[in-house]
Structures are given as C-alpha cells and as structure tokens.
Amino acid sequence: EGDGDGNDKGEDDDDSGNLKEFRIHLNNLLKAFGGIMTRFMHLAQILRHKICSDSILARMCPSYPVPSSALYSVIVAAETAMQNEIKGFLSACIAESDKPKDKRKNRYNAMHMDQSQLDVERGVFSLGISSLGRDGVVGRFSAAAGFSSRANIVELPSNQFVNDVLFPRTNTDPEVRHALTFRRSLSRWTHEITEGKRELAICSGEDTSAPMYQNSMEEGALHYIDTIIQRTLLPEMQDEAVNAVIHFLERRDAFDPILSDAFSRYPSNSVQLEAEMSVACQALYTSTRPIFMALHRLPKGGDMYLSLVTMLEHAMLTFISRMKQRVSELISGKTAYTLLEDERGNPSPFSQAMDRRKAFSLLLRIYNDEDDVDDPSASVEPSVQVGGILPLPPPDNDTSPKKGGRSSFGIGTTNEKVSFEKEVEKIEALTQFTGPLKFDNSNLCNDDELMKAACLANSLLRVSSLLEGQLRNRAGTWEKSVSAVRDLQSAIKTIRFHGLRVAKFCRAEILVQTAKKMSEICMSSVLVAEDAVRLPSCVNNLGEYLTTSSDNIREAGGNAIAAHSFSSLEQYIPLFLIQTARIIAEGTKPITMNGIESLDRTGSVLYRDLKGATSFENSFWDEDAAAHSFEQSAVFVNLMEISSKDLEDHYRNNPTQFSDGDYELMFKFNGPRRRGDFRRFNLLKSKMKTEKRMG
C-alpha cells in the first residue's frame, strides 16, 4: 500500500516531540518483528526447497503434504501474534474509547509506581528497558534489583507498558490523533511483510489461490488503525476545522488588524517588526494545519486522503466566500479601485503595468518561495498577467555591473525605466492634472480603512504562502497526480490573488492621496508672495500623511506591504512637482521669485519626508532613482528662474533633458527675470540644426 508522497514533513511537529519515545519503541518493535518474520520466511524457503528437491526427505516429512506450503501455518501464527502485540500497543496509545477522567486516573496511578519500574532505556531487545543511569552506571538500586525490575517490566502487556511506563515518562495522554503518528511506520512494515510473503510464494512455487489462504489472517494492525482514523479521527478533524473557521469568520473583527505595543516600544524604523495575521486567517491556518499534516501521512489517492482534501476544500471555500465580501467592502467605490479594475472586475491597463514593476516582483518574492517556478499570481479569478520572478541577486563580491539585487532596484535600467513610463501613461488623470484634483472624501480611505486594507493584504498573502507550504511535498513541488489537490491549489491561489489585489489597492491609494495633495500647490498663495518664502500648507499636510501612513501600514500589514505601497513615490513626487511647474508656466497668474524658491524648497522638503517615511527595514526605496528624479524636478523649476540667455544656453547643452514641448513652454513663460517669446525657441532650434549639418 502506498504511503502518501513520501513526505516526512510534520513528523517532528506538534505533539510528535512528546511521542518520540513512543515512535522509537514502536520502530524497535517493528524492526525486531520484521527480523523474526524474515528468519521464518528464510527457514520456510530452505525447507520447501529441500523437500521438493529430495524425494527421500519428502517421504520422511508426511506432515507437509504440500511441500510448497511448508511452515505456512507457522508463519501465519507468528504474524498473528505480532499483529496482536502491535494492536495492543496502538490501542493503548490511541485509547479511542478512553474518557479524560480515565486518562487522568491512569496517569495518577502510574506516577505512584515503584520508581525502579520506570528506569528504562531505548533498545531492540530490551524493548526500552534498562537499569543504568545516564552515565552508564547502575542506579541507586543494586544490579540484582535492576534486573528484577527490568524482568517485571518486560513481562508487562503492551497496553499496560504504555499506560504505566511511557505515558508517565512523557507526560502525555492517549489521543486518537496519535494514530497518524504511527501509521507511516506501520504501513512500511506491513508492506515489507507482504512483499516478503509474496517473494516466498514466487520462489517456492506456492499456490496462494488455495482455499487455505482465504481469510487465514484476522484483522491486521494497519487495518485496525485505518478503521479508527476513518471512524473517529476524520469526523473529529472535520468538525474542528470547519467549526473553528466559521466561528472566527462570524466575528466582527475577523479581518481587522491586531495591533500591539511593539511600534511604541520600538520606534526605530530599523527594527524589523512582523505584523500579525487577522484572526480569521490565523484560524484558517491553525485549524487546517493538522489536516495538511495528516494528508502527507495517508496513502495518496485513497478514500481517507480524498476525505481530507474535501475537508480542506470546504474550509477554504467557506473562508474565501467571507473574504471576498470583506475585500469588496473595503475597496469598492474607492477612487484607487477604479484605477485598478473596471466595472466587471477586469484588471485595468494601470493594474497590468503595475504587475510588471520590479516592486511587485519583490513583493511576490517576499511572500513566496524563491524556487516557485509557477506564476504565483495566477488563479481562477480574472486573469492578471504578471512578470516573472526576478533572479536571485549575485553575491556581494561580484563586480558592480553584474550585481542586481534589491539594492539596485530601479537604478535607471532600461527595463525599469520603460516600465515606469508605461505605468505613468496609464494614469494620466493623476499625472497630467491641470488643477486641484477633486476627489470626494468618501472615495478616499481614511487612516482606519487604510490599516484594515494593509492588514487584509498581509494576512491573505501570508496565509496563502503558509497553506501552500503545507500542501507541498518533501521535494518542494505541487502534488499534480490527484485532481482534488489541484482544486486546493486553485483555492490557495484565489486567496493569494485577492491578497495581491488589496496590496495593489494600498499602493494606488497612497498614489492618489499624494497626487491630490500635490495638485493643490498650484493654487497656493505662497507662489505670489513678495515678502517671504513659505511652504504651501498642502506640502506640510503631505509630509504628515506620508509619515502617518507609513507607520499605520507597517503596524497593520508589515514592512513588505508598506514597502510596496510607497514604491516609486521617489519618482512620482518629482513628476507631480514638474506638472505643477507646467501648470504655473501655462497660467496667466504671475509667480514671484519667492514663489519659485518655494517650489524648489517643496522638492527638498518632500524628499526628506519621503525618505524618512520609507527608511524602515526592507524598504524598496531607491536612492539613485530618487536622486535622479528630484534633480530633474529641481532643474525644471530652476528654468523658471533663469534669464532668457541662460535658458538658451541650457537648451544648447541639454536638448534632450526635457521634451521639446517643455522647452517651448519655458520659452513662452513670463518669469521674474525674462519675458516669454516662443519664437526664440524656434529660431534656436533652426540654428542648432544648421550648425549640426555644417559642423
């Protein structure tokens, strides 16, 4: 009989630490019995060969009328005795009908036994019994007393040995769940005995179809333990799994963040703090974990295996139905959601562009195994195309051109630059604003809603990763031979899909809030101030929002969700600042030198605030991309301040730094030190072309 996928994972988890001595005793018992059966079968093989090959010996052994079946009854009797001994041991360990009070009473009586009877060791021939201390010397009793107590314990029946010796030593109780711990070893032993008898029949020409072979064996230990698992353990596990999930799903705070005082006790951003999963996700994982562990200990594809898969699928589908409702309550109707999906729930071009960003790949890498070759975001939900997982970064001692780990995220590489430009093209409503963006406050998330979204994203991604790890076999690959397991894979990927949806929603929400606040700069009165240089109030509000949101998201959803939510802001904020300068340059409202200086300081202040908000561990902040982007915005703002001659010199030296449209806009602009004249720009371009042809 097959025994699952060969995965021993979970063998040392949960209560198996307390059952270590039980497993050692059973393995030694099975090893000893296996050796005895092997010798019996070797003896039977030799005897059958002698009788069949020697006619004189055949006449001298009338007790074996069928020489090819000699010693069959002896082998059956020996195996029956062994099976009964094993069943006695298992029955005491499992105690299917024991009540808790009976367990406590047995333990109390066992703990008051003569201590000389509890001096045991691990071994095949002693069956776990010894009178020696830890240092190998005889204990406080004499050698004769030790041998006497050892002999007494050896004579104990299996069930009494378990109740009087093993349970008191390990401080455990009989439990039906112990059947799963012992089943693997017992299945292997049964398979070896069956194969040995089959090989004996083949080599000796034994006719196993004879009537004497039918029903010659009573119920074996493996059948006995499987009956207990099917009759008692599986219904118990099903009730616990489904009822626990439903119980926690019905709580009002099922998906709410679990806040702790860790952030107040460790205010430093350099400390790595792990956000807890919501109670519903914790309940799903803890209630299904024993079933996953049992899944790898049962024969793959059998009735018990499929029954466990059905339990898991029921629990997950119940969780998914409530989880979808919660996701819909959080994100439906929000402005950030309309950027990501259409009315039918299909991903928007902006959502697809977001999937191709390196920050998204890093988020997948954090929540998924590095060696996951499957598309981790694929699911039964509407298709979302995602870029492949990034390769592992080279060692630190590699030369700089080869190095491409997280520290080099977005450092002006062609692919990342193109991905950012494509992403910007999909949200022109945010990046190409011509005035203050008017969003209803009801369409934006408040601090509490943003924390709930961050917690939900982190919880769904973490629980899907944990469940996937439980479902994988020892080799780290999916089970692909059982169709029911593929349904579990789809359920897990559905949970991950919605976790990624909410994670992208958090990033879009931060982006929308940032764009909204920065779009108000162009209407600030500080741009026309004559007396002093002051920052627009919306800039201070944005700095406070970034700091508060960073702390809230980290507290509720962890550093990974915060890192993804704030990714690329070091590129978007300079872009918004350049767009603000375009609006001012196109307008008829004059701007003073103090106003231009205010714009320049706005970039410096927002750089400082954003860097402070993203200075936590494992942030996706890219220093090189930030320096380049903020430098570009500072240069663009500075073009508003310089004279016409300096503007022409700048264009001559840097004709491709900005688009021709931006340069033409700057030549039209009436600044504090120049009057706009776009004809100068056209003449300058013609002159430069002529010089290039002649030069």
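Every value quoted in this text rests on a predicted model; they were computed, and no experiment measured them.

The helix and strand inventory of the chain stands at 25 helices and zero strands. Taking all 695 residues of the chain together, the buried fraction comes to 50%. A separation of at least 24 residues holds for 81% of the contacts in the chain among residues at least 6 apart in sequence.

Within the structure shown, the criterion is met by 30 salt bridges. A salt bridge links Glu597 to Arg601, with the nearest nitrogen and oxygen atoms 3.5 Å apart. Of this pair, Glu597 and Arg601 both sit in helix α21 (residues 593–613), four residues apart, which is roughly one turn of that helix. On the basis of relative accessibility, which here comes to 30%, the residue Glu597 falls in the partly exposed class. Overall, the relative accessible area of 41% leaves Arg601 in the partly exposed class. Linking Asp609 and Arg608 is a salt bridge whose minimum nitrogen-to-oxygen distance equals 3.4 Å. Residue classification places Arg608 among the exposed residues on the basis of a relative accessible area of 55%.

A word on the confidence of the model for the chain. When pLDDT is averaged along the chain, the result is 79, and 76% of the positions lie at 70 or above. With pLDDT under 50 throughout, residues 110–148 is counted as low confidence; its partners more than four residues away or in other chains account for 52 contacts.

Where helix α6 (residues 158–170) is concerned, the buried positions are Ser158, Phe161, Val162, Asp164, Val165, Leu166, Phe167 and Thr170. Asn171 lies just past α6 and shows a positive phi near 60 degrees.

Looking now at the nonpolar core. Leu90, Phe319 and Tyr572 are the most contacted members of the largest nonpolar core, which totals 172 residues. For this core, the element with the highest residue contribution is helix α18 (residues 483–518), accounting for 16 residues. Setting aside anything within four residues of it in sequence, one finds Phe319 in contact with Val245, Leu249, Phe255, Ala280, Cys281, Leu284, Leu460 and Ile495.

Structurally, Gln238 is set in helix α8 (residues 221–249). Beyond its immediate stretch of four places on either side in the chain, Gln238 contacts Asn243 and Met311.

For Asn159, the position within the fold is in helix α6. Beyond its immediate sequence surroundings of up to four residues, Asn159 is in contact with Gly88 and Ala92.

For helix α11 (residues 303–331), which comprises 29 residues, the first-to-last C-alpha distance of 42 Å matches the rise-based estimate of 42 Å (1.5 Å per residue) to within 8%. Trailing α11 by a residue or two, Gly333 shows a phi angle of about 85 degrees, which is positive.

Viewed as axis vectors pointing N to C, helix α20 (residues 569–586) and helix α22 (residues 623–638) meet at an angle of 10 degrees, and their least axial separation amounts to 8 Å. Compared by their axis directions, α20 and α22 come out roughly parallel. Counting all contacts with α20, which are made through Glu570, Gln571, Ile573, Pro574, Leu577, Ile578, Ala581 and Arg582, the residues of α22 involved are Ala625, Ala626, Ser629, Phe630, Gln632, Ser633 and Phe636. Class assignment for the residues of the contact of α20 with α22 results in nine nonpolar, four polar and two charged.

With that out of the way, let us pick up the environment of Lys493. Topologically, Lys493 is positioned in helix α18. In this structure the C-alpha to C-alpha distance between Lys493 and Ser465, which are 28 residues apart in sequence, comes to 9.3 Å.

We now examine the packing of aromatic side chains. Counted according to the given criterion, the structure contains 13 aromatic pairs. Seen from their ring centres, Phe255 and Phe319 are 5.8 Å apart, and the 55 degrees between their planes marks the pair as tilted. Taken as a pair, Phe255 in the loop between α8 and α9 (262–265) and Phe319 in helix α11 lie far apart in primary sequence, 64 residues in all. Look at Phe319 and you get buried, because its relative accessible area is 0%. Pairing Phe433 with Phe576 gives two aromatic rings, centres 6.2 Å apart and planes at 50 degrees, and the pair type is tilted. Of the two residues, Phe433 sits in the loop between α16 (428–431) and α17 (447–471) while Phe576 sits in helix α20, which places them 143 residues apart along the sequence. Accessibility expressed as a relative area gives 2% for Phe433, which makes it buried. Judged by its relative accessible area of 0%, Phe576 falls in the buried class. A connected cluster of aromatic rings, assembled from ring pairs, spans Phe636, Tyr651, Phe658, Tyr663, Phe667 and Phe681. For the cation-ring pair, Arg582 lies above Phe636, with the distance from its terminal atom to the ring centre recorded as 5.8 Å. Its guanidinium or amino end placed over the ring of Phe678, Lys668 lies 5.6 Å from that ring's centre, counting from NZ or CZ.

Let us now look at the packing of α8 against helix α10 (residues 279–295). For any two helices packed against each other, one specifies the inter-axial angle together with the distance between the axes. Remark: α8 packs on α10, axes separated minimally by 8 Å, with the N-to-C direction vectors making an angle of 170 degrees. In terms of orientation, α8 lies roughly antiparallel with respect to α10. Across from Met237, Glu240, Ala241, Ala244, Val245, Phe248 and Leu249 in α8, the residues of α10 making contact are Val279, Ala280, Ala283, Leu284, Ser287, Pro290, Ile291 and Ala294. Looking at the contact of α8 with α10 residue by residue, the class counts come to 13 nonpolar, one polar and one charged.

Let us now look at the side chain of Arg326. By the secondary structure assignment, Arg326 is in helix α11. With relative accessibility at 15%, the residue Arg326 sits in the buried group.

Scanning the entire structure with this criterion turns up zero disulfides. Summary of cysteine pairing: Cys522 is not part of a disulfide, and the nearest cysteine sulfur, belonging to Cys538, is at 8.6 Å.

For the rest of this paragraph, the subject is unusual backbone geometry. Excluding glycine, residues mostly have negative phi values, and the peptide bonds linking residues are mostly trans. Look at Leu71: it is not a glycine, yet its phi comes out positive at around 65 degrees. With respect to the helices and strands, Leu71 occurs in the loop between α2 (55–60) and α3 (72–94). In this structure Leu71 comes out as buried when scored by relative accessible area, which is 13%. One non-glycine residue, Asn618, lies in positive phi territory at about 65 degrees. Residue placement: Asn618 occurs in the loop between α21 and α22. Judged by its relative accessible area of 35%, Asn618 is partly exposed.

Cut-offs used in this document
- Residues numbered from 1 in each chain as written.
- Predicted model: local features only at pLDDT ≥ 70, side-chain atom pairs only at ≥ 80, totals over all residues.
- Heavy atoms only, no water.
- Helix = DSSP H or I, 4+ residues; strand = E, 2+ residues; numbered from the N terminus.
- Buried < 20%, exposed > 50% of the residue type's maximum accessible area, 1.4 Å probe, protein only.
- Contact = heavy atoms within 4.5 Å.
- Salt bridge = Lys/Arg side-chain N within 4 Å of Asp/Glu carboxyl O.
- pLDDT = per-residue confidence, 0-100.
- Core = buried A, V, L, I, M, F, W, Y, C linked by side-chain atoms within 4.5 Å.
- Expected span 1.5 Å × (residues − 1).
- Axes fitted to C-alpha atoms, helices over the stretch in contact; angles between N-to-C directions.
- Parallel < 35°, antiparallel > 145°, perpendicular 65-115°, else oblique.
- Nonpolar A, V, L, I, M, F, W, Y, C, P; charged D, E, K, R; others polar.
- Phe/Tyr/Trp six-rings, centres within 6.5 Å; stacked < 30°, edge-to-face > 60°.
- Lys NZ or Arg CZ within 6 Å of the ring centre and 35° of its normal.
- Disulfide = S-S within 2.5 Å.

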